[in-house]
Amino acid sequence: MILLWLALASCSCRRTGPAAPVEDAPAVEQVQPAGLVVAGRFVDGRWGFSVPVPEGWVARPGRDDGSIRLTLVHEASGSWLEVWAFSGAADGFRPRSGCRWTFVDRARYRDRGGAEALSVGSCTPLQPDGALVQGWLIPGPGATAQVELHLPEGALAEGRRAAEPVLRDLRFEPGLAD
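Cut-offs used in this document
- All residue numbers here refer to positions counted from 1 along the written sequence of the relevant chain.
- Predicted model: local features are reported for residues with pLDDT of at least 70 only, side-chain atom pairs are reported and counted for 80 or more only, and whole-chain, interface and lining totals are derived from all residues.
- To obtain the side-chain values, all non-hydrogen atoms of the structure were used and water was disregarded.
- At least two bridges found by DSSP between two strands are what make those strands a pair.
- Here a strand is any run of E in DSSP of at least two residues, a helix any run of H or I of at least four, and the numbering for each starts at the N terminus.
- Each axis is a line fitted through C-alpha atoms, and for a helix only the stretch in contact is used; angles between axes span 0 to 180 degrees, taken between their N-to-C directions.
- Residues count as neighbours in contact if any of their non-hydrogen atoms are within 4.5 Å of one another.
- Nonpolar cores are built from buried Ala, Val, Leu, Ile, Met, Phe, Trp, Tyr and Cys residues. Side-chain atoms within 4.5 Å join them into one set.
- Residue burial is assigned from relative accessible area. The probe radius is 1.4 Å, only protein chains are included, and a residue is buried under 20% of its type maximum, exposed over 50%, and partly exposed in between.
- Multiply 1.5 Å by the residue count of a helix minus one, and that product is the helix's expected span.
- Fitting one axis to the seven residues ending at a residue and another to the seven starting there, the bend at that residue is the angle between the two axes.
- Stacked, tilted and edge-to-face are the three classes assigned to paired rings of Phe, Tyr and Trp, where Trp is represented by its six-membered ring and a pair needs centres within 6.5 Å; plane angles under 30 degrees give stacked, over 60 edge-to-face, the rest tilted.
- Placement of a charge over a ring requires the Lys NZ or Arg CZ to be within 6 Å of the ring centre, with the centre-to-atom vector within 35 degrees of the ring normal.

## Some thoughts on the sheet that holds strand S5 (residues 68–74)
So, step 1. On the basis of which strands lie adjacent, the open sheet formed by 7 strands has the order S4-S5-S6-S10-S9-S8-S7 and antiparallel pairing. At either end of the open sheet lies a strand with only one pairing partner, and these are strand S4 (57–61) and strand S7 (99–107). Strand after strand, the sheet turns through a mean of 20° between neighbouring axes, direction not considered.
So, step 2. Judged from the 5 bridges that link them, strand S8 (residues 118–125) and strand S9 (residues 132–140) form a sheet pairing that is antiparallel. Within S9, the residue paired with Ser122 across the bridge is Gln134.
So, step 3. Across the face of the sheet, helix H2 (residues 156–168) comes into contact with S4, S5, strand S6 (79–87), S9 and strand S10 (143–151) while running at roughly 155° to S10.

What follows is the structure, encoded as structure tokens:
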């Protein structure tokens, strides 16, 4: 009997007091995406443009409250394409850290297939192993899209070839904007 009493007295299963109250988990901020991929196209409802998402590319929408609207990653080449959007007309490329816009031109370029002049540029990396950035400023009604193709070392031709369908077919569409 004494052994039973000692065993029960030393049991760690005894209650030591009331259970601590369970706190509610902190609210998680709901981040709205900049757009959706619908039928193989990224559609941005705020700025009214759409971009094809070809096979071999992965679409990563940005935040609706941000300037970067979409990042497309080409897995085979390691290249990526960023689409930024800004209100109004742009008078030049936005600065980038890690590279300098060393070439900028404004003319009618065949790769877009349009009659309007647009600005193109190359941002040369400050580090020898940095990605070369090719850029296009594409005007739309009330906004400008800055498209940047990031080409890692050794992927210049493959990345550019893969990006051609995207660059040719980014378009502003009436009725898409809020």
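## Here we look at the nonpolar core
So, step 1. In this structure, Val51, Leu81, Val83 and Leu170 are the most contacted members of the largest nonpolar core, which totals 26 residues.
So, step 2. If one sorts the elements of this core by residue count, S10 sits on top with 5 residues.
So, step 3. Residues in contact with Leu81, not counting those within four places in the same chain, are Trp57, Leu70, Thr71, Leu72, Val147, Glu148, Leu149, Ala163, Val166 and Leu167.
So, step 4. In terms of nonpolar packing, the next biggest core, distinct from the first, is built from 6 residues, Phe93, Cys99, Trp101 and Cys123 among them.

## Quick word on the environment of Leu118
So, step 1. Examined against the element boundaries, Leu118 turns out to sit in strand S8.
So, step 2. Separated by 18 residues in the primary sequence, Leu118 and Trp136 place their C-alpha atoms 7.2 Å from one another.

## Description of the environment of Leu156
So, step 1. Structurally, the position occupied by Leu156 is in helix H2.
So, step 2. The sequence separation of Leu156 and Ser79 amounts to 77 residues, and the corresponding C-alpha distance is 8.5 Å.

## So, the sheet that holds strand S1 (residues 36–38)
So, step 1. A sheet is described by the order of its strands in space; here 4 strands give the open sequence S1-S2-S3-S11, paired in antiparallel fashion. The open sheet has two free edges, formed respectively by S1 and strand S11 (171–172), since each of these has just one partner strand.
So, step 2. The pairing of strand S3 (residues 49–52) with S11 spans 2 bridges and is classified as antiparallel. Paired with Phe49 across the strands is Phe172, a residue of S11.

## Looking at H2
Because each turn of an α-helix spans 3.6 residues, side chains separated by three or four positions in sequence point in the same direction.
So, step 1. The first and last C-alpha atoms of H2 sit 18 Å apart over 13 residues, in line with the 18 Å expected at 1.5 Å per residue.
So, step 2. Considering bend angle alone, the principal kink of H2 is centred on Ala162 and spans about 35°; proline Pro165 follows within four residues of it.
So, step 3. Every buried residue of H2 is accounted for by Gly159, Ala162, Ala163, Glu164, Val166 and Leu167.
So, step 4. Elements that come into contact with the buried residues of H2 comprise S3, S4, S5, S6, S9 and S10.

## Let's talk about the packing of aromatic side chains
So, step 1. In the structure shown here, the tally under the stated rule is 4 aromatic pairs.
So, step 2. Judged by centre distance (6.3 Å) and plane angle (45°), the ring pair of Phe42 and Phe49 falls under tilted. The burial state of Phe42 is the same as that of Phe49; both residues are buried.
So, step 3. Taking 5.8 Å as the distance between ring centres and 65° as the angle between the ring planes, the aromatic pair formed by Phe49 and Phe172 counts as edge-to-face. Residue Phe49 is found in strand S3, and its partner Phe172 is found in strand S11; the two are separated by 123 residues along the sequence.
So, step 4. Given the relative accessible area of 15%, Phe172 is considered buried.
So, step 5. The structure contains a cluster of three or more aromatic residues connected by ring pairs, namely Phe42, Phe49 and Phe172.
So, step 6. Between the NZ or CZ atom of Arg94 and the centre of the ring of Trp84, over which it lies, the distance is 3.4 Å.

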